[in-house]
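For reference, the chains in residue letters:
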Amino acid sequence: MPVFAANLTMMFNEWSFLDRFDAAAAAGFTAVEYLFPYEAPPEAIAERLARNDLQQALFNLPPGDWAAGERGIAALPGRFDQMKADVERALDYAEATGVKRLHLMAGLADPADAAATIAYRRSAAYAAERLADKGLDLVIEPINGRNMPGYFLNDFGSAERVISELGHANLKLQFDIYHRQIIHGDVTMALRRLMPIIGHIQIASVPSRHEPDGEELNYPYLFGEIDRVGYSGFVGCEYTPRGSTLDGLGWFKPFARS
Ligand SMILES: O=C(O)C(=O)[C@H](O)CO
Ligand SMILES: [Mg+2]
């Protein structure tokens with residue numbers, strides 16, 4: 001049975017950030033993820049995790065100036081020193097939360113640009129090595145160009161090549177089923193083939209990015225497939241509820257901790 005992690009950036013927005021941990025646990029989740037923890041003190045997050053017996057599945061390294069439109073800096077030439085400092089900042093939160101994987105966002109850059117490609121590979125290699133020192137995985141995620149126009153890592157083939165060419169055992173793929181379906185489709189065969197390099201999975205309905213309970217994808221089948229391929233990691237629920245978070249959790253009832 002997949003272990004679902006509530007994405008506290010997108011779900012449980014009826015509560016303040018720290019109270020979302022309590023609400024997710026009360027709804028039966030045993031794990032959480034979110035985009036960024038950096039506005040809350042690490043100790044406060046650690047306290048909520050412990051109080052609710054929750055595992056921290058994942059969060060992202062700092063993304064640059066998000067409010068100004070940046071979506072990561074790994075592929076931005078000239079930002080390497082900032083990226084190195086960001087890794088240390090994220091590691092403070094990793095230590096407090098016990099998370100075992102961090103997502104490195106690439107940033108907005110032309111995938112055909114040679115300088116961006118060199119910068120991205122240098123950043124990913126550095127971050128993977130630094131995280132390996134701490135026993136953590138680094139994950140990279142292809143993101144579809146409709147949700148994030150101009151994103152550097154915009155297809156699964158490129159991510160697979162970077163992972164294989166850099167050759168770090170702890171550099172893995174964040175397989176977001178929502179993005180996979182929009183970019184390429186063929187979700188089941190891709191899950192089977194890429195399983196050896198998958199470090200994290202995320203889900204949402206396609207095309208609306210709501211609860212995984214209808215529309216284009218057959219999630220009951222995919223949940224079975226995730227088990228059949230032997231995936232034992234977390235499945236992040238990275239969706240915006242159609243209405244209230246709790247009202248939308250019908251799909252999750254069979255998996256909830258009671
Ligand atoms: O957008 C996604 O799918 C993600 O998982 C990123 O963490 C943030 O944009
Ligand atoms: Mg995602």
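Numbering of residues starts from 1 in every chain and runs along the sequence as written. Following the order in which they are written, the chains are lettered starting with A and the ligands numbered starting with 1. Local features in this predicted model are restricted to residues whose pLDDT is 70 or higher, and side-chain atom pairs enter the listing and the counts only when it is 80 or higher, whereas totals over whole chains, interfaces and linings include all residues. Side-chain metrics rest on all non-hydrogen atoms present in the structure, leaving aside hydrogens and water.

1. Quick look at the pairing of strand β5 (residues 137-140)
Here is step 1 of the chain: Accessibility here uses a 1.4 Å probe with only protein chains present; expressed as a share of the type maximum, an area under 20% marks a residue as buried, one over 50% as exposed, and anything in between as partly exposed. Strands here mean DSSP runs of E at least two residues long; helices mean DSSP runs of H or I at least four residues long; both are numbered from the N terminus. In β5, alternate side chains face the same way, and those of Asp137 and Val139 on one face and Leu138 and Ile140 on the other are all buried.
Here is step 2 of the chain: Direction of pairing for strand β4 (residues 101-103) relative to β5: parallel, over a ladder of 3 bridges. Across the sheet, the residue bridging to leucine 102 is leucine 138, located in β5.
Here is step 3 of the chain: The β-α-β motif built from β4, the intervening helix α4 (residues 114-133) and the parallel element β5 has right-handed crossover chirality.
Here is step 4 of the chain: Convention used here: a crossover is right-handed provided that the path from the first strand, over the helix, to the second strand proceeds clockwise when the strands point away from the viewer. Crossover β5 to strand β6 (residues 171-176) through helix α5 (residues 156-166) is right-handed. Note: two strands are recorded as paired if DSSP finds a minimum of 2 bridges between them.

2. Let's talk about the environment of cysteine 237
Here is step 1 of the chain: In this fold, cysteine 237 is placed in strand β8 (residues 234-237).
Here is step 2 of the chain: Spatially, the C-alpha atom of cysteine 237 lies 17 Å from that of valine 187, the residues being 50 residues apart in sequence.
Here is step 3 of the chain: Residues contacting cysteine 237, with those up to four places away along its chain left out, are Phe4, Ala5, Ala6, Asn7, Met11, Phe29, Glu33, Ile203 and Trp251. The contact criterion used is simple: two residues touch if any of their non-hydrogen atoms lie within 4.5 Å.

3. With respect to the UniProt feature "domain: Xylose isomerase-like TIM barrel" (unreviewed entry) in the protein chain
Here is step 1 of the chain: UniProt positions are given in the numbering used here, feature names are shortened, and annotations may be inferred rather than shown by experiment. Here, UniProt's "domain: Xylose isomerase-like TIM barrel" (unreviewed entry) annotation points to residues 21-253.
Here is step 2 of the chain: The span residues 21-253 is 39% helix and 14% strand, and its two end C-alpha atoms sit 18 Å from each other.

4. Considering helix α7 (residues 187-194)
Here is step 1 of the chain: Listing the buried residues of α7 in full gives Val187, Thr188, Ala190, Leu191 and Leu194. Looking down the long axis of α7, one finds its buried residues gathered within 165° of arc, a one-sided arrangement.
Here is step 2 of the chain: Elements that come into contact with the buried residues of α7 comprise α5, β6, α6 (177-183), β7 (198-203) and α8 (219-228). In this description, the arc belongs to the directions extending from the helix axis to the C-beta atoms.

5. Some points on the site of ligand 1
Here is step 1 of the chain: In the vicinity of ligand 1 there are 13 residues, among which Asn60, Glu141, His179, Arg209 and Glu238 approach most closely.
Here is step 2 of the chain: Here a polar contact means two N or O atoms within 3.5 Å. Within protein one must be a hydrogen donor candidate and the other an acceptor candidate, and residues neighboring in sequence count only if both atoms are side-chain atoms. Between ligand 1 and glutamate 141 there is a distance of 2.8 Å, counted from an oxygen atom to a side-chain nitrogen or oxygen.
Here is step 3 of the chain: Interatomic distance of 2.8 Å between a side-chain N/O atom of glutamate 238 and an oxygen atom of ligand 1.
Here is step 4 of the chain: In this description, accessible areas are obtained by the Shrake-Rupley approach with a 1.4 Å probe, and a residue is regarded as covered only by the protein chains that are shown. Coverage of ligand 1 by the protein chains reaches 95% of its 260 Å² of free accessible surface.
Here is step 5 of the chain: Under the scheme applied, nonpolar residues are Ala, Val, Leu, Ile, Met, Phe, Trp, Tyr, Cys and Pro; charged residues are Asp, Glu, Lys and Arg; polar residues are all the others, including Gly. Taken together, the residues of the shell around ligand 1 sort by class into 4 nonpolar, 5 polar and 4 charged. By convention in this text, a residue qualifies as near a molecule or strand provided that one of its non-hydrogen atoms is within 4 Å of it.

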